[in-house]
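Remarks on the overall topology
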Amino acid sequence: MGLFNLMNKTRNILSEGLVIAASLLALSVILGELAFVIKGEMLTSAFNSFSDLLSLLCPYVIVYFAVLRGSRGNESKKALYAVFCTALLLTAFSLRTVEKPSLLIAVFLSFVAIYFYKSFSFVTASSLLTVFSLLSGILMGVLSEYAADTVTDFSSVISGKSAFASVIFSLFKTFFDFLDYKTFENLFYFKSSGGSQLIDGRIVTGISDLFSEGYRGKLLSVYVTGNYIKGFALAGLSAALCTFLRGEKRASVIILGLASLISGNAFFIILYALLCSLRFAPVILILYALSYGVSDILDLRTGFTVSGGISELFAYLNKPLYFILVCAVIIAFSFFISRYTALKYGISAMSEVYIPNSLKQFCNALGGVGNIVSIEENKVTLRNIKRADFLKLTCEIADNAVILDSTEELSRLEEYLE
């Protein structure tokens, strides 16, 4: 129960920032793709500059809104200073490495800032946060260089396993997508792990650069097309979550799912889904493996020249009908497996409160979590007394309440409803 409550609070703190950042990234991708097709050097430059700006804003947006929601008193001042410290951290990070910083760093710094501001005065907390940001930025930059070497070794092993390359690639990509760590996929998209060919007297490496030079071979179905199918698979997971969430949370899932599909960046929806329930981790792993495996088996080939966003998909696809059918099946499978997981382990439909299996029958006999107004000793006040199943309860009825003979299960249930 403690872990669930912690994850629920974390999700509530992060949701607004994640939604805005995901939307900015999706818009950034759209502008980048427009810049690629638009005519006129000045317009192209303007679109590219604005696209880069929106992308750079994402970590600052996450930090600002997380600290704003998670800290107490003078929230805007604390949030703005946390944004400044984010800039310090990212600057220190870039001094040590050329790797792109992960958005997970912004999430991490957000909660460090919230902890400092809740524990100390504004001046003390800000001073600690400044020092922490500089030191952690340098440390993360150093560690990122070592991580890049390790990931390079992984990629060389994967690229040599031709029979299972797509599935092995998908398993690693799931993990690195959650971390928003782009070095792994870039080794395949822009480096020799994704293949190399001699074209017009030049050695071209990486499946993306090969594609830009006219390559339309098998490697596309192994490393690229599955990324598009995965986007639709995660859309199915988002749809399943929408059947359980309500109001603002449902809107958040819809926006995160669409933004991830448009941008090709799955970090936002994966993080949100895992904060709903860690039980979604194996589901996401299965969806990734299935997406890349099916793409490889059916030899579905497409690529990208800009960012891998959804708008590039059908421009180069070799089997559009197969792709549409596969995506329809994947969405349906993703929806049902995600919904089954949520029903078995997850969240009540009314208020997202975790109820263990041992108490579900008792809770349902009272009409479900959403039907319970209050609990006082052995008296349970209900919204609708007709929804209670009295055949499964030993109790007396008093107006819109039931008075139970035994309080053991009720006491345990009350702990989860606090």
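A short tour of the structure in this document, coming up. Note that the structure is predicted; figures quoted are calculated from it, not measured.

1. Remarks on the overall build of the protein chain
Per the secondary structure count, the protein chain includes 17 helices and 6 strands. On the principal axes, the C-alpha backbone points of the protein chain span a range of 90 × 55 × 40 Å. By sequence separation, contacts in the protein chain at least 24 residues apart represent 65% of the contacts at least 6 residues apart. On the protein chain, roughly 19800 Å² of surface is accessible, and the fraction owed to carbon and sulfur atoms is 63%. Taking the average location of the 33 positive side-chain charges in the protein chain and that of its 31 negative ones, the two points are 3 Å from each other.

2. Observations regarding the sheet that holds strand β5 (residues 395-398)
Strand pairing within a sheet occurs via backbone hydrogen bonds; the two strands may be parallel or antiparallel. The sheet built from 4 strands is open, its strands ordered β3-β4-β6-β5 with antiparallel pairing. With one partner strand each, in any of the chains shown, β3 (372-376) and β5 form the two edges of the open sheet. Across the sheet, the mean angle from the axis of one strand to that of its neighbour is 20°, orientation sign disregarded. In this sheet, strand β6 (residues 401-404) lies alongside β5 in antiparallel orientation, the contact comprising 4 bridges. Paired with E396 across the strands is I403, a residue of β6.

3. Some details on a nonpolar patch on the surface
Taken together, L27, I30, L34, F36, V37 and V306 make up a surface patch of nonpolar side chains, about 500 Å² in accessible area. With respect to the secondary-structure elements, V306 resides in the loop between α13 (280-297) and α14 (313-316). Classification of V306 by relative accessible area gives partly exposed; the value is 31%.

4. Overview of the packing of helix α10 (residues 225-242) against helix α11 (residues 247-263)
Running from N to C, α10 and α11 point in directions that differ by 175°, and their axes come no closer than 9 Å. By the angle between their axes, α10 is roughly antiparallel relative to α11. Between α10, through G231, F232, S238, L241 and C242, and α11, the contact on the second element is made entirely by R250, V253, I254, G257 and L261. Of the residues belonging to the contact of α10 with α11, the class tally is 6 nonpolar, 3 polar and 1 charged.

5. Let's talk about the packing of helix α4 (residues 103-119) against helix α5 (residues 122-159)
Where α4 meets α5, the axes come as close as 9 Å, and the angle between the chain directions of the two elements is 155°. The angle between α4 and α5 falls in the class roughly antiparallel. You can see that α4 and α5 cross each other, and the crossing is right-handed. Taken together, the residues of α5 that come into contact with α4 (itself represented by I105, F108, L109, V112, A113, F116 and Y117) are F122, A125, S126, L128, L129, F132, S133 and M140.

6. Considerations on α11
In a regular helix each residue adds 1.5 Å, so 17 residues correspond to 24 Å; α11 covers 24 Å between its end C-alpha atoms and thus fits that length. Of all the residues in α11, the buried ones are S252, V253, L256, G257, A259, S260, L261 and S263. Within two residues after α11, G264 carries a phi angle of roughly 85°, on the positive side.

Cut-offs and rules
- Residues numbered from 1 in each chain as written.
- Predicted model: local features only at pLDDT ≥ 70, side-chain atom pairs only at ≥ 80, totals over all residues.
- Heavy atoms only, no water.
- Helix = DSSP H or I, 4+ residues; strand = E, 2+ residues; numbered from the N terminus.
- Contact = heavy atoms within 4.5 Å.
- Areas by Shrake-Rupley, 256 points an atom, 1.4 Å probe, with all protein chains shown as cover.
- Lys, Arg positive; Asp, Glu negative; His and termini not counted.
- Charge placed at Lys NZ, Arg CZ, Asp CG, Glu CD.
- Pairing = 2+ DSSP bridges.
- Axes fitted to C-alpha atoms, helices over the stretch in contact; angles between N-to-C directions.
- Patch = residues over 30% accessible without salt bridge, like charges linked within 9 Å, V, L, I, M, F, W, Y side chains within 5 Å.
- Salt bridge = Lys/Arg side-chain N within 4 Å of Asp/Glu carboxyl O.
- Buried < 20%, exposed > 50% of the residue type's maximum accessible area, 1.4 Å probe, protein only.
- Parallel < 35°, antiparallel > 145°, perpendicular 65-115°, else oblique.
- Nonpolar A, V, L, I, M, F, W, Y, C, P; charged D, E, K, R; others polar.
- Left-handed = near helix turned anticlockwise from the far one by under 90°.
- Expected span 1.5 Å × (residues − 1).

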